[in-house]
Amino acid sequence: MLKLGVNIDHVATLRQARYRNREETSRSEPDPVAAALACERAGCHGITAHLREDRRHIVDGDILRLRKSIATRLNLEMANTPGMVEFALAVRPEIVCLVPERREEVTTEGGLAVAANLFAITETRKRLGEAGIDVSLFIAPDPREIDAAAESGAGFIELHTGAYAEAYNHKAPRQYELERLITAARQAHGAGLKVNAGHGLTLENLGLIHLVPHLEELNIGHSIVSQAIFTGIESAVRDFLAAIAQYKAS
Ligand code: PXP
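This structure is a prediction, so every number in the text was calculated from the model and none was measured.

Chemist: Where do I start with the site of the ligand in this structure?
Modeler: Residues in contact with the ligand amount to 15 residues; listed here are only the nearest, His10, Glu158, Gly200, Gly221 and His222. Within the side chain of Glu158, an N or O atom sits 2.5 Å from a nitrogen atom of the ligand. In this structure, Gly221 approaches the ligand through a main-chain N or O atom, which is 2.8 Å from an oxygen atom. In isolation the ligand offers 400 Å² of accessible surface; the protein chains occlude 96% of this area. Of all the elements in the fold, those that place two or more residues in the shell around the ligand are α1 (9–19) and β8 (215–220). Its residues assigned to classes, the shell around the ligand comprises three nonpolar, nine polar and three charged.

Chemist: Which parts of the structure should I look at to understand the layout of surface pockets?
Modeler: Here the idea is plain: a probe the size of a water molecule rolls over the atoms and shows the empty space left. Each pocket or cavity is described by its volume, and for the second largest pocket that value is around 180 Å³. As for the second largest pocket, its lining consists of His10, Val11, Leu14, Pro30, Asp31, Ala35, Ala38, Val225, Ala228, Ile229 and Ile233. Contributing elements (two or more residues each) for the lining of the second largest pocket: α1, α2 (32–41) and α10 (222–231). Class assignment for the residues of the lining of the second largest pocket results in nine nonpolar, one polar and one charged.

Chemist: Mind showing me how you'd approach the packing of α10 against helix α11 (residues 233–244) here?
Modeler: Two numbers describe a pair of packed helices, the interaxial angle and the distance between the axes. Taken N-terminus to C-terminus, the directions of α10 and α11 make an angle of 130°; their axes are 7 Å apart at the nearest point. As far as their axial angle goes, α11 and α10 are oblique. α11 is crossed by α10, and the crossing has right-handed handedness. Across the interface between the two elements, Ser223, Ile224, Gln227, Ala228 and Thr231 from α10 touch Ile233, Ser235, Ala236, Val237, Asp239 and Phe240 from α11. Counted by class, the contact of α10 with α11 contains six nonpolar, four polar and one charged residues.

Chemist: Would you mind going over helix α4 (residues 82–91) with me for this structure?
Modeler: Count 3.6 residues to each turn of an α-helix, and residues three or four apart come out pointing the same way. Among the residues of α4, Met84, Val85, Phe87, Ala88, Leu89 and Val91 are the ones counted as buried. Close packing links the buried residues of α4 with α3 (60–69), β3 (73–78), β4 (95–98) and α5 (118–130). Immediately beyond the C-terminal end of α4, within one or two residues, lies Arg92, with a positive phi of roughly 55°.

The rules behind each value
- Residues numbered from 1 in each chain as written.
- Predicted model: local features only at pLDDT ≥ 70, side-chain atom pairs only at ≥ 80, totals over all residues.
- Heavy atoms only, no water.
- Near = heavy atom within 4 Å.
- Polar contact = N/O pair within 3.5 Å; in protein donor to acceptor, adjacent residues only side chain to side chain.
- Areas by Shrake-Rupley, 256 points an atom, 1.4 Å probe, with all protein chains shown as cover.
- Helix = DSSP H or I, 4+ residues; strand = E, 2+ residues; numbered from the N terminus.
- Nonpolar A, V, L, I, M, F, W, Y, C, P; charged D, E, K, R; others polar.
- 1 Å grid on protein atoms, 1.4 Å probe; cavity = no way out; pocket = protein on both sides within 12 Å on 5 of 7 lines; lining within 4 Å.
- Points joined across faces, edges and corners; volume = space filled by probe spheres on them.
- Axes fitted to C-alpha atoms, helices over the stretch in contact; angles between N-to-C directions.
- Parallel < 35°, antiparallel > 145°, perpendicular 65-115°, else oblique.
- Left-handed = near helix turned anticlockwise from the far one by under 90°.
- Contact = heavy atoms within 4.5 Å.
- Buried < 20%, exposed > 50% of the residue type's maximum accessible area, 1.4 Å probe, protein only.

The structure is reproduced here in structure tokens:
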């Protein structure tokens, strides 16, 4: 069964638009932890949150409260920096997804450069692994990066579906990006990696993702939170779960 992890950063983005730099109170709405619990009630399989260096949406306190409150799995997305690694070791999420991070980007734009940073990523993977935390690497569907991910000893990769999502409305580029994802998923599976995917996925573009083999979990945020404005977050999560229910891994 293909699992759904809901990325709740976008709920925190809305809260910060009003309450940034103010003391956290019960007025600080919407609460991403309350949203996570609603997603779980709707049947999602995990909660994903990205603690960015500039704390522009999720803040440390959100992660601590998520750790205490959620019943599914916590997937902490973070940059590979010493401070973040210490934070992860203290919080103990089930899984850490290492992502690249540039402050000026609106969202995570490219994949992690694993081959170019193999030593540092492998060291972090070992430290987190010793603490019982799984490690996933958010990478472009690039054969060199998949080889490097396998070499790092990470258990998971998350294939960056952003280029596919961007190309979706144009047939030839969409087909090209879809084939890159299919080839990458096969290569990763063959190398013993578990394969997640995410970024830019919507109810519309999810259909063709069924052609990508070996997927374990999709991480979806923006489109679920956008839908939630009209239908409520539980209903939005249920719609995405229904959209991936027929997925067959191979
Ligand atoms: N996976 C990773 C690693 C991400 O950085 C993001 C974006 O925060 C997502 C998945 C979810 O992307 P989206 O919000 O476009 O669904």
